[in-house]
Amino acid sequence: MRKRAACWYCLSLVCEFLFLSLGSASAQTFMNDWQQKLSKPTYSNVRFQFFEVPMPDGVKLSVAVWRPDIEGQKFPTIMIATPYNKLANDNTADARYFVPRGYAYVAYDIRGRYDSEGAAYLYGPQDGKDLSVMQSWVARQPWSDGKIGMYQGSYRGFIQWEGALQQNPHLTALIPEV
């Protein structure tokens, strides 16, 4: 046990030395250059549309889609499932950021919330199934390349896990913040 502790102690000293000797220059370069590494806006025109997407039981969910206004080109999609209003300021601001950078942005109201049909509930049994249906719907759209990523927190983070359990092949990335 003493050997292991001594080994970890030596490793921590080496790491501290490297951090102090190299870290300040590297950190300074990173802090100055990180914005240059972000993708740049390349699409100036945005198309915004509303859709009602039917679920297998007939309930229609209300969907807002923002995407580059370019016909014949396919884009990866960032998707948000929300009980907080698909047209909330954070969603519209995020769409304004991501769409010019070559992403479609899709936000929909879960069952019974805002413009979607059905009974309102939270953490209900249909969330994951509805999300999988929505992902398949997005993947079939002519503007979609079939790759879907999701992010955000609170209920919007929880529902990502519910959808992941459905194992939709189009879901390629999750960043849940719960």
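Rules of the game
- Residues numbered from 1 in each chain as written.
- Predicted model: local features only at pLDDT ≥ 70, side-chain atom pairs only at ≥ 80, totals over all residues.
- Heavy atoms only, no water.
- Helix = DSSP H or I, 4+ residues; strand = E, 2+ residues; numbered from the N terminus.
- Expected span 1.5 Å × (residues − 1).
- Buried < 20%, exposed > 50% of the residue type's maximum accessible area, 1.4 Å probe, protein only.
- Pairing = 2+ DSSP bridges.
- Axes fitted to C-alpha atoms, helices over the stretch in contact; angles between N-to-C directions.
- Parallel < 35°, antiparallel > 145°, perpendicular 65-115°, else oblique.
- Contact = heavy atoms within 4.5 Å.
- Nonpolar A, V, L, I, M, F, W, Y, C, P; charged D, E, K, R; others polar.
- Salt bridge = Lys/Arg side-chain N within 4 Å of Asp/Glu carboxyl O.
- Phe/Tyr/Trp six-rings, centres within 6.5 Å; stacked < 30°, edge-to-face > 60°.
- Lys NZ or Arg CZ within 6 Å of the ring centre and 35° of its normal.

Some points on helix H3 (residues 127-140)
Next up, step 1: Look at H3: 20 Å from first C-alpha to last across 14 residues, which is about the 20 Å you get at 1.5 Å a residue.
Next up, step 2: Counting buried positions over the 14 residues of H3 gives ten, a clear majority of the element.
Next up, step 3: Of all the residues in H3, the buried ones are Asp127, Gly128, Asp130, Leu131, Ser132, Met134, Gln135, Trp137, Val138 and Ala139.

Some details on the pairing of strand E1 (residues 46-54)
Next up, step 1: The pairing of E1 with strand E2 (residues 60-68) spans nine bridges and is antiparallel. Considered in E2, the bridge of Phe48 is made with Trp66.
Next up, step 2: Where E1 folds back on E2, the antiparallel hairpin that results is connected by five residues, among which Gly58 adopts a positive phi of roughly 95 degrees.

Here's the deal with the pairing of strand E6 (residues 171-177)
Next up, step 1: With six bridges connecting them, strand E5 (residues 144-153) and E6 associate as parallel partners. Across the sheet, the residue bridging to Gly149 is Ala173, located in E6.

Topic: the packing of H3 against helix H4 (residues 155-164)
Next up, step 1: Running from amino to carboxyl end, H3 crosses H4 at an angle of 80 degrees, the nearest separation of the two axes being 8 Å. One element, H3, and the other, H4, form an angle in the roughly perpendicular class. Packed against H3, whose contacting residues are Asp127, Gly128 and Leu131, the element H4 presents Tyr155, Ile159, Gln160, Glu162 and Gly163 at the interface.
Next up, step 2: Residues belonging to the contact of H3 with H4 are distributed by class as follows: three nonpolar, three polar and two charged.

Points about the pattern of salt bridges
Next up, step 1: Scanning the entire structure with this criterion turns up eight salt bridges.
Next up, step 2: We note a salt bridge from Asp69 to Arg47, for which the minimum N-O separation is 2.9 Å. Here Arg47 lies in strand E1 and Asp69 lies in the loop between E2 and strand E3 (75-82), a separation of 22 residues in the sequence.
Next up, step 3: Taking relative accessible area as the criterion, Arg47 reaches 27% and is therefore assigned partly exposed.
Next up, step 4: The shortest N-O distance in the salt bridge between Asp57 and Arg111 comes to 2.9 Å.

Re the packing of aromatic side chains
Next up, step 1: Counted according to the given criterion, the structure contains eleven aromatic pairs.
Next up, step 2: Judged by centre distance (5.4 Å) and plane angle (90 degrees), the rings of Tyr43 and Phe75 are edge-to-face. Placement of the pair is Tyr43 in the loop between helix H1 (2-33) and E1 and Phe75 in strand E3, with a sequence separation of 32 residues.
Next up, step 3: On the basis of relative accessibility, which here comes to 2%, the residue Phe75 falls in the buried class.
Next up, step 4: With centroids separated by 5.9 Å and ring planes inclined at 80 degrees, the aromatic side chains of Phe98 and Tyr103 adopt a geometry described as edge-to-face.
Next up, step 5: Chaining the aromatic ring pairs together yields one cluster made of Phe48, Phe50, Trp66 and Tyr105.
Next up, step 6: Against the face of Tyr97 rests Arg101, its NZ or CZ located 3.8 Å from the ring centre.

Read these as geometric descriptors, not functional statements.
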